[in-house]
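Examination of the molecular architecture
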Amino acid sequence: MVPVLTAAAGAFLASAAFGLLYNVRSWKLLLCAGLIGALGTAVYQSAVNGGLEAPAASFYGAIAFTCASWVSAQVAKVPLTTFTAPALIPLVPGGDVYRMMVALLQGKMAEGLSWGLEALAVAGMLILGMVLVSAVPYALTQLREERHDWDGSARKWRLSAHGVAARLTDRNKRKNDR
């Protein structure tokens, strides 16, 4: 079992270093990206130390760093990827992929397949955690826009010829009627 603070410190350094590679524009944003990476890894390592399997722990780590990234991006008024890309790096299952390749090159197909499936499960849970957290603010924004258009009128829906729902505001309808 790896101590949580040791894992978080390593993740901070890794996230900050990848932030440099991604040209994060200021040292404050770089520090924030490192702290967010450390948070995600601390949550992951705490879950693993608590007895969860790596894919489930990765899911919780992804939720933690994506929430922190979203809030930080809103406060700093920068793109979300400024924080999510560096914070994701420490949780990527590179070690599992390496072990898979070594096992396959040694002819241990069953062991290689096991490591490959583990890496795929961890990567899938990272993506799922990021997508779920990223979808919530988008869905709330869409609900708010659905309720009222910018001019205060409710949006109208119609079905296009291709079966795709297209939104038309009252203003657009008036333009088409002229």
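Anything mentioned here points back to the structure above.
Bear in mind the structure is a predicted one, so any value in this text is a computation, not a measurement.

Focus on the overall build of the protein
Scanning the protein for helices and strands turns up seven helices and two strands. Traced from its N-terminal end to its C-terminal end, the protein shows the element sequence α-α-α-α-α-α-β-β-α. Sorting the 178 residues of the protein into buried and exposed places 34% on the buried side. Counted over contacts in the protein with a minimum sequence separation of 6, partners at least 24 positions apart contribute 57%. Carbon together with sulfur atoms contributes 67% to the accessible area of the protein, which is approximately 11,100 Å² in total.

Here we look at the environment of Phe-83
Relative to the helices and strands, Phe-83 resides in helix H4 (residues 81-88). A residue is classified by how much of its surface remains accessible, and Phe-83, at 0% relative accessible area, is buried. Not counting residues within four places of it along the chain, the set of residues in contact with Phe-83 comprises Leu-29, Cys-32, Ala-33, Ile-36, Ser-69, Ser-72, Ala-73 and Val-78.

Observations regarding a nonpolar patch on the surface
A surface patch of nonpolar side chains, amounting to about 340 Å² of accessible area, comprises Val-97, Met-101, Leu-104 and Met-109. For Val-97, the location among the structural elements is in helix H5 (residues 94-105).

Structural notes on the environment of Leu-113
Tracing the backbone shows Leu-113 in helix H6 (residues 109-147). You can call Leu-113 exposed: its relative accessible area is 53%. Between the C-alpha atoms of Leu-113 and Ala-103, which are 10 residues apart in sequence, the distance is 8.6 Å.

Notes on unusual backbone geometry
Positioned with a positive phi, Asn-23 is a non-glycine residue whose angle comes to about 60°. Examined against the element boundaries, Asn-23 turns out to sit in the loop between helix H1 (4-21) and helix H2 (27-49). The class for Asn-23 is exposed, based on a relative accessible area of 65%. Positive phi, close to 55°, is recorded for Lys-77, a residue that is not glycine.

Topic: the packing of H1 against H2
Between H1 and H2, whose axes approach to 7 Å, the crossing angle comes to 145°. Where H1 crosses over H2, the two elements pack in a sense that is right-handed. Along the contact surface, H1 presents Val-4, Ala-7, Ala-8, Ala-11, Phe-12, Ser-15, Ala-16, Gly-19 and Leu-20, while H2 presents Leu-30, Leu-31, Ala-33, Gly-34, Leu-35, Gly-37, Ala-38, Thr-41, Ala-42, Gln-45, Ser-46 and Asn-49. Class assignment of the residues belonging to the contact of H1 with H2 gives a composition of 13 nonpolar, eight polar and no charged.

Section: the nonpolar core
Judged by nonpolar contacts, the single largest core of 20 residues is most densely connected at Ile-36, Phe-65 and Phe-83. Counting only elements with at least two residues in this core, the list comes to H2, helix H3 (54-76), H4 and H6.

Remarks on the packing of H2 against H4
Relative orientation of the contacting elements H2 and H4 amounts to 45°, with a least axis distance of 8 Å. With respect to each other, H2 and H4 are oriented oblique. The hand of the H2/H4 crossing is right-handed. Contacts from Leu-29, Cys-32, Ala-33, Ile-36 and Gly-37 in H2 reach Thr-82, Phe-83, Pro-86 and Ala-87 in H4.

Definitions and cut-offs
- Every chain is numbered independently, its residues counted from 1 as its sequence is written.
- Only residues with pLDDT of 70 or above have their local features reported here, since the model is predicted, and side-chain atom pairs are shown and tallied only from 80 upward, although totals for entire chains, interfaces and linings are computed over all residues.
- Calculated side-chain values reflect all of the structure's heavy atoms, with hydrogen atoms and water omitted.
- Only DSSP runs of H or I reaching four residues or more are called helices, and only runs of E reaching two or more are called strands; each is numbered from the N terminus.
- Type-normalised accessible area, obtained with a 1.4 Å probe on protein chains alone, sets the label of each residue: buried when under 20%, exposed when over 50%, and partly exposed for intermediate values.
- Working rule for contacts: check all heavy atoms of both residues, and any pair within 4.5 Å makes them a contact.
- The Shrake-Rupley method, run with a 1.4 Å probe sphere, supplies the accessible areas, and residue values consider only the shown protein chains as cover.
- A residue counts toward a patch only above 30% relative accessible area and without a salt bridge, and it is joined to like-charged neighbours within 9 Å or, for Val, Leu, Ile, Met, Phe, Trp and Tyr, to nonpolar neighbours within 5 Å.
- For this analysis, a salt bridge means a side-chain nitrogen from Lys or Arg found within 4 Å of a carboxyl oxygen belonging to Asp or Glu.
- Here, axes are lines fitted to C-alpha atoms. For helices the fit covers the stretch in contact, and angles between N-to-C directions go from 0 to 180 degrees.
- Take the far helix as the reference: if the near one is turned anticlockwise from it by less than a right angle, the crossing is left-handed, and if turned clockwise, right-handed.
- Lys, Arg, Asp and Glu make up the charged group, whereas Ala, Val, Leu, Ile, Met, Phe, Trp, Tyr, Cys and Pro make up the nonpolar group; the residues left over, Gly among them, are polar.
- Put simply, a nonpolar core is a bunch of buried Ala, Val, Leu, Ile, Met, Phe, Trp, Tyr and Cys residues held in one set by side-chain atoms that sit within 4.5 Å of each other.
- Reported orientations rely on four angle classes, namely roughly parallel under 35 degrees, roughly antiparallel over 145, roughly perpendicular from 65 to 115, and oblique for the rest.

Any functional reading would require information that these geometric values do not contain.
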